[in-house]
Amino acid sequence: MSSKQQDFSAKLNNWIGDVFYDILPQHGYEIRDEQIYTAFQIADDVAKGRVHLAEAGVGTGKTFAYLLSAIAYARYKKKPALIACASTALQEQLAGPEGDIQKLSSLLGLNIDVRMAKEPRQYVCDLKLERFDYSLDEPGADLTDLLDWAAKTRRGERSEIPNVPDRVWAQVAWDEAMVCDNCRNRGFCKLVKVREHYRSARDLIVCDHGTFFDDLWTREERLLDGKLPLLPDYSLVVFDEGHKVLLPAALRAGGQVVKEDIANILSTIERVQGARAALLSTALAMDEANVRFFNLLYQSAQGDERSQRLTVQINEQLLKAADVLRRTLGQFEFELQNEQNLHIESLSATQLQLFEYIAERAMVALDRFCRHHEQGVIVWAERAEQSFWVVPRNIDGMLNKHLFKKKLPVVFSSATLSTGGDFSYLARTLGLQDFSSSSVNSPFDYQQQAVVYLPEDTLDSDQENWLNEALISLVSLLKLSHGRALVLTNAPSDVPKIRNGLKRYQLPYQFLWEDSGERGYLIRRFREEISSVLVGSGFWEGIDVPGEALKLLVVWRLPFPAQEPLLEDQRRAAQEQGLDPFITVDIPKMTLTLKQGCGRLIRTREDRGAIAIMEAIEGKPWEQAVLSALPPGAKIVNNLAELSILRP
């Protein structure tokens, strides 16, 4: 290590000590040995430019622990540090007006320059608005409000109108399939202005995992094309909820074929008067190949209601259909080029570019599938949007090439990175060979702060009867806690079932349903409306609601993973090694998610509350796994009468 680096390391360690032992306690913050240990471990590896896996239990204060090194290193290197989060809600929690970074900035008098890089779909698309079909019959109130807002907004960010449901927002949200070249606001649209804003950040850029990997995988190509990367040069990367990076990394490295996009091409060309016979016949052949491929795809796809991703059983028929579709797409792209070369104006430049984009994207995905289906890729069919995904099976090599070999400091932070202190599984999946790690437990006294309610094995195993009985138990629990509850479901499809089932009870609490608005907005309302109840499948991790707003955490169903392709691949690998996939994949995955969910309840030493698991576990093969995921030392009861901790 150079003397300059040694000097930085010494100063960083001295500053961290001053902050945690002197400055923060003066503002009422308690000294947490676990937090301070984690902060020093991270600082050591940041100064050395190494990878660090920082596992820190709930309540440790890991955010402040990694922020101090990130801020100091950014100013030392004169490049911003990146904090990559697992969700928009977490970005807001970190970098919002009352977030952790602003608190730290005020406490330390640092004037931290932090800016958010949210995923593009959080912004309106000017081209979509320009082409919006206002002839819709009697648009609903949500859509009317959205369009009125869109006509006046300057930022165009969803957080400005957060109570709009997902399905309505999708009608105006940014879409990569839109051809920006033909937008009259090209270069000046909402998303471009946002990128210009965060690119000039001095200290911190808080992005989502997806945006980070979009930038990582396309950075070299964009630079070669004379384009700016999506993110500016950075000095350091912190992955908050670092155990969740593999899925977004794979998705952003993968390709997609969307059935409706290809079908819309034919319907557009059929409406063109005087369309060339060669173009029309090629589009017809492409449409027929598209229909056949997707018919075979969904005939060979299977899954459960908890996942939108369906496992595909690959067979010769499907492979042949994929190859036919790939070749007809190539022929169609050739005809599009002829259209441009002949200067025929039956199709606008916008339509031609859009069609070319759709065909090219689909051909890349199908080519990967046809050539690498045996080993190199994982494929699945999307249930709702009728699309086909092809992603790399192993991204460890890509991560090494594009990230780890750059010798930048990289920190993975989470409460769940290891299995009993063993980090080898995560390290192996990430392709890490040289790294350091640290692990600390939660500082809370769960024996005094938490009670766990486990019902006796009385609920009917029949699905419909279980639902009715579970709803009765849920109502009793909510009455005990006077609302103030977070209900964690195992799938988005559980939310409408609970909503419909509770209607007849007319409970006097404000229910916040996951599908009713933007996630960060729902969490803010949950914090502010003390007797409210938040229900959803997307709140198992990273949600911080200390105080009276959360007294009861309900696990509606144990979070066993769905039968989906990415996990099916892990199950298959376990089976090939002679292991039981349920024991080696499903139960550990469920345990980690449950541990994360239980961690939402107690966030400070003053918090008190109860965890209720609605499924009986006694005598089940996963009983010990569930017990190991519960807060250590928490009292376990089987009777609602023993939940006195919920009473005001």
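Just above, that's the structure.
The text that follows walks through the structure, step by step, so that each part is easy to find. If you're wondering where the values come from, they're calculated on a predicted model, not measured in any experiment. (Residues numbered from 1 in each chain as written. Predicted model: local features only at pLDDT ≥ 70, side-chain atom pairs only at ≥ 80, totals over all residues. Heavy atoms only, no water.)

1. Some remarks on the packing of aromatic side chains
Summed over the entire model, instances satisfying the criterion amount to 23 aromatic pairs. Between F8 and Y76, the aromatic rings sit 4.3 Å apart at their centres with planes inclined by 10 degrees, giving stacked as the arrangement. Of this pair, F8 sits in helix α1 (residues 3-26) while Y76 sits in helix α3 (residues 62-77), placing them 68 residues apart in sequence. R309 extends its terminal NZ or CZ atom over the ring of W380, reaching a point 5.7 Å from the ring centre. For R557, the ring lying beneath its charged end belongs to W466, and the centroid distance is 3.7 Å. (Phe/Tyr/Trp six-rings, centres within 6.5 Å; stacked < 30°, edge-to-face > 60°. Helix = DSSP H or I, 4+ residues; strand = E, 2+ residues; numbered from the N terminus. Lys NZ or Arg CZ within 6 Å of the ring centre and 35° of its normal.)

2. Considerations on the sheet that holds strand β13 (residues 450-453)
Spatially, seven strands are ordered β15-β16-β14-β17-β18-β13-β19 in an open sheet, and the strand pairing comes out parallel. Edge strands, defined here as strands with exactly one partner in the open sheet, are β15 (511-513) and β19 (635-637). Looking at each pair of strands side by side, their axes are set apart by 20 degrees on average, direction ignored. Sheet topology places β13 next to strand β18 (residues 609-613); four bridges connect them, and they run parallel. From the neighbouring strand, Y453 faces β18, where its bridge partner is A612. (Pairing = 2+ DSSP bridges. Axes fitted to C-alpha atoms, helices over the stretch in contact; angles between N-to-C directions.)

3. Digging into the packing of helix α13 (residues 277-299) against helix α14 (residues 316-341)
Packing of α13 against α14 leaves a shortest axis separation of 8 Å and a crossing angle of 155 degrees. Classified by the interaxial angle, the pair formed by α13 and α14 is roughly antiparallel. Handedness of the crossing formed by α13 with α14: left-handed. Across the contact of α13 with α14, the residue classes break down as 17 nonpolar, five polar and three charged. (Parallel < 35°, antiparallel > 145°, perpendicular 65-115°, else oblique. Left-handed = near helix turned anticlockwise from the far one by under 90°. Nonpolar A, V, L, I, M, F, W, Y, C, P; charged D, E, K, R; others polar.)

4. A look at the pairing of strand β8 (residues 309-312)
Covered by surrounding structure in β8 are R309 and T311 together with L310 and V312, the residues of both alternating faces. Looking at chain direction, strand β7 (residues 301-302) and β8 are connected through two bridges and run antiparallel. When the sheet's bridge partners are listed, Q302 is paired in β8 with T311. Hairpin connection from β7 to β8: six residues lie between these consecutive antiparallel strands. In the sheet, β8 pairs with strand β9 (residues 377-382) via three bridges, with the strands oriented antiparallel. Following the sheet pairing, T311 is matched in β9 by W380. (Buried < 20%, exposed > 50% of the residue type's maximum accessible area, 1.4 Å probe, protein only.)

5. Digging into the layout of surface pockets
Taken as a whole, the second largest pocket holds about 1200 Å³ of empty space. Along its surface, the second largest pocket is lined by 46 residues, and Q93, D100, K103, D544 and P546 are the ones closest to its centre. Elements with a contribution of two residues or more to the lining of the second largest pocket: α1, α2 (33-48), α3, α4 (88-95), α5 (100-108) and α21 (519-528). By residue class, the composition of the lining of the second largest pocket is 15 nonpolar, 14 polar and 17 charged. (1 Å grid on protein atoms, 1.4 Å probe; cavity = no way out; pocket = protein on both sides within 12 Å on 5 of 7 lines; lining within 4 Å. Points joined across faces, edges and corners; volume = space filled by probe spheres on them.)

6. Some details on empty space enclosed by the protein
Scanning all chains against the criterion turns up two cavities of 30 Å³ or more. Estimated volume of the largest cavity: approximately 70 Å³. Residue lining of the largest cavity: A117, K118, P120, L191, R195, Y198, T211, D214 and L230, and that is the complete set. When contributions to the lining of the largest cavity are tallied by element, the ones reaching two or more residues are α9 (190-199) and α10 (209-224). Here the element with the most residues in the lining of the largest cavity is α9; it accounts for three residues. Here the second largest cavity is characterised by a volume of approximately 30 Å³. Lining of the second largest cavity is provided by Q256, V257, V258, D261, I262, I358, R361 and A362. If you list the elements that add at least two residues to the lining of the second largest cavity, you get β6 (255-258), α12 (259-270) and α15 (349-372).

7. A closer look at the side chain of D113
Here D113 is to be found in the loop between α5 and β3 (114-117). Using a relative accessible area of 15% as the deciding quantity, one classes D113 as buried. Here the side chain of D113 touches R115 through a polar contact of 3.0 Å, side chain to side chain. Not counting residues within four places of it along the chain, the set of residues in contact with D113 comprises S200, A201, R202, D203 and L204. (Polar contact = N/O pair within 3.5 Å; in protein donor to acceptor, adjacent residues only side chain to side chain. Contact = heavy atoms within 4.5 Å.)

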